[in-house]
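Results of the structural survey
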Amino acid sequence: SAAHAMSKPKILLTRSFPTSLLAEAEKDGKIELVSWPHKEKPADRKWVLENAKGAAGIAITMTEKVDEELLSAAGSSLKCISTLSVGYDHIDVRLCKERNIRVGNTPSVLNEAVSDLSLLLILAITRQAPAATRVVREGRWKDTPISPMAFTGPSLKGKTIGFFGFGGIAQTLALQLANFDVARILYKTSRERKFDSSDEYFGEFGKAHWEERQTLRQKCGKERIEVGSVSSLDALARESDIVVVLASLSPSTKHAIGSSFFEQMKSSAHLINVSRGPLVDTSALVSALKEGKLAGAALDVLEGEPAIPADHPLIADPDVKDKVFLLPHIGSANTETRMRMSALTEQNVLAGAGVPGAGFEGQE
Ligand code: DGY
């Protein structure tokens, strides 16, 4: 009946997702579903605002900005925003909280995928992939026969890895780095941590795994890897051979990695960013690379993305381009992980919109 149809929660899906929990819920008569019809491109803002009206839940990706305008367009029916991402800097979480709108995201399920990509970035930049692949692509392999020290870079063995941010992804990466015989893991985090002794912080899960790994190492006659927090970013810059940026973006972390950080870095050190572009001050990075303040940078994210032109200094500047390895924000893009993120985003929006039977993960 019409009355029954009206009581169904409306869910707005602003991007084509690879899983079908929402489509099934619609088929079962549990929700009214409105989906952006184009497969490859993100919804345009006007369409989103028009179709948000009366929605109980909105499922998005990080390309959708959730602000006062969108919340008002949806109106008082809105109970939940669910994003296919672990990051939620595109969402005004404070405003959502004020209006009792739950915010769902996809933590944990992408820890391994982003950790894997971080390893790819670390190995690519330390082992000179930008310069080496360019030689091949430009047909100059024949001009560069094997020479003892060509395209060499530092080993990870014995090195100090410094993390800015030490959540689930960073802890997963720390565990993986144990296999590369790094000597020390340092981290700087702003959060109150459960284990706040200056010694080790890992969540219960990570801590158990870490102890296991350390015990295994000792059995093989290897050193324990030292783990500890540092109190300042300066200390992280001074001590680290590789700095991995894995903090979330907020007004207090924007441009946290800037000229004063580069000033403190070892000239042999490398910077990795796998979180959000604006944590790194790009023009300061370009200058620092030109001046040799650090050896190189590998970035999966970049300020101003995705509108990055081919003449961007990190891509085109002849003094810089071989010191930079750049990827277009594909950290969590392994097939299984994206499927899990998609399913979790759908599950969150169903639960948040009040459809019985679905669990919820997110920022309460
Ligand atoms: C995330 O999950 O936050 C990734 O950056 C993709 O949006």
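Residue numbering note: each chain is counted from 1, following its sequence as written. A pLDDT threshold of at least 70 governs which residues receive local features in this predicted model, and a stricter bar of 80 or more applies before side-chain atom pairs are shown or counted, although totals over entire chains, interfaces and linings include all residues.

**Focus: the overall build of the protein chain**
Of regular secondary structure, the protein chain possesses 14 helices and 13 strands. The globule rule used here is 2.2 Å times the number of residues to the 0.38 power, and the radius of gyration it is set against is calculated over C-alpha atoms. Over its C-alpha trace the protein chain gives a radius of gyration of 23 Å, about what one expects of a compact globule, namely 21 Å for 364 residues. Considering only C-alpha atoms, the protein chain reaches an extent of 80 × 50 × 35 Å along its principal axes. To sort residues by exposure, count the other C-beta atoms lying within 10 Å of each residue's C-beta; 20 or more gives buried, 12 or fewer gives exposed, and values between give partly exposed, all with C-beta atoms placed from the backbone. For the protein chain, with 364 residues in total, the buried portion stands at 40%. For the purpose of contact definition, each residue receives a C-beta atom placed from its backbone, and two residues are in contact when these atoms lie within 7 Å. Here the contacts in the protein chain between residues at least 6 apart in sequence split such that 70% fall between residues at least 24 apart. Helix and strand definitions follow DSSP, with helices as H or I runs of at least four residues and strands as E runs of at least two, each counted in order from the N terminus.

**Observations concerning helix α3 (residues 45-52)**
Regarding α3, the residues found buried are Val48, Asn51 and Ala52. Each buried residue of α3 lies within a common arc of 105 degrees when the element is viewed along its axis, so the set occupies one face. Those residues of α3 that are exposed and angled more than 90 degrees off the buried face are Lys46 and Glu50. Structurally, α3 contributes buried residues whose contacts are with β1 (10-13), β2 (32-35), β3 (55-60) and α4 (68-74). Within this analysis, the arc is defined by the directions that extend from the helix axis to the C-beta atoms.

**As for the UniProt feature "domain: D-isomer specific 2-hydroxyacid dehydrogenase NAD-binding" (unreviewed entry) in the protein chain**
UniProt positions are given in the numbering used here, feature names are shortened, and annotations may be inferred rather than shown by experiment. Feature annotation in UniProt places "domain: D-isomer specific 2-hydroxyacid dehydrogenase NAD-binding" (unreviewed entry) on residues 120-195 and 224-331, given in this structure's numbering. As a span, residues 224-331 carries 24% helix and 18% strand, and end to end its C-alpha atoms are 29 Å apart.

**Points about the pairing of strand β6 (residues 160-164)**
Put simply, side chains in a regular strand alternate between the two faces of the sheet. Within β6, four of the five residues are buried, which leaves the element mostly enclosed by the surrounding structure. Here, a strand pair is defined by DSSP locating no fewer than two bridges between the strands. Examined bridge by bridge, β6 and strand β7 (residues 184-188) share five bridges and lie parallel to one another. Bridge pairing links Phe163 to Tyr187 in β7. For the handedness criterion, the strands are oriented away from the viewer, and a crossover whose path from the first strand over the helix to the second runs clockwise is classed as right-handed. This β-α-β element, β6 to helix α8 (residues 168-177) to β7, shows right-handed connectivity. Note: β6 against strand β9 (residues 242-245), four bridges, orientation parallel.

**What about α8?**
What sets the pattern is the α-helix's 3.6 residues per turn: residues three or four places apart point alike. Burial within α8 is extensive, with eight of its ten residues counted as buried. Among the residues of α8, those classed as buried are Gly168, Ile169, Ala170, Gln171, Thr172, Leu173, Ala174 and Leu177.

**A look at the domain arrangement of the protein chain**
Note: domain ranges come from an automatic or database domain assignment. Annotation of the protein chain at the domain level lists domain 1 (2-108 + 336-363) and domain 2 (111-326). A C-alpha centroid distance of 34 Å is found between domain 1 and domain 2. If you look at the interface, domain 1 gives five residues, while domain 2 gives seven residues. Gly counts as polar in this scheme, as do all residues outside two lists: the nonpolar Ala, Val, Leu, Ile, Met, Phe, Trp, Tyr, Cys and Pro, and the charged Asp, Glu, Lys and Arg. Its residues placed into classes, the side of domain 1 that touches domain 2 shows one nonpolar, three polar and one charged.

**Digging into the nonpolar core**
Ranked by internal contacts, the top residues of the largest apolar core, which has 59 residues, are Val243, Val244, Val245 and Ile272. Ranked by the residues each element gives to this core, the list is headed by helix α6 (residues 111-126), at seven residues. Residue-level mapping places this core at the junction of two domains, with at least three residues from each of domain 1 (2-108 + 336-363) and domain 2 (111-326). The contact partners of Val245, leaving out residues within four places of it in the chain, are Phe164, Gly165, Ile257, Ile272, Asn273, Val274, Ser275, Leu279 and Val280. Counting 32 residues, the second largest nonpolar core, distinct from the first, contains Ala56, Ala74, Ile81 and Ile91. Only buried residues count toward a nonpolar core: Ala, Val, Leu, Ile, Met, Phe, Trp, Tyr and Cys, linked into one set through C-beta atoms within 7 Å.

**Brief notes about unusual backbone geometry**
That bond from Glu305 to Pro306 is cis: its omega, 5 degrees, falls within 30 degrees of zero. The residue Pro306 is located in the loop between β11 (296-299) and α13 (313-316) in this model. Although it is not a glycine, Phe151 adopts a positive phi angle of roughly 55 degrees. On the secondary structure map, Phe151 appears in the loop between α7 (129-137) and β6. Under the C-beta neighbour-count criterion, Phe151 is labelled partly exposed, with 13 such atoms within 10 Å. One non-glycine residue, Asp181, lies in the positive phi region at around 60 degrees. The exposure class assigned to Asp181 is partly exposed, which follows from the 15 C-beta atoms found within 10 Å.

**Some remarks on the site of the ligand**
Neighbouring the ligand are the residues Met62, Ser85, Val86, Gly87, Leu110, Gly331 and Ser332. Residue composition of the shell around the ligand, by class: three nonpolar, four polar and no charged. By definition, a residue lies near a molecule or strand provided its backbone-derived C-beta atom is within 6 Å of it.

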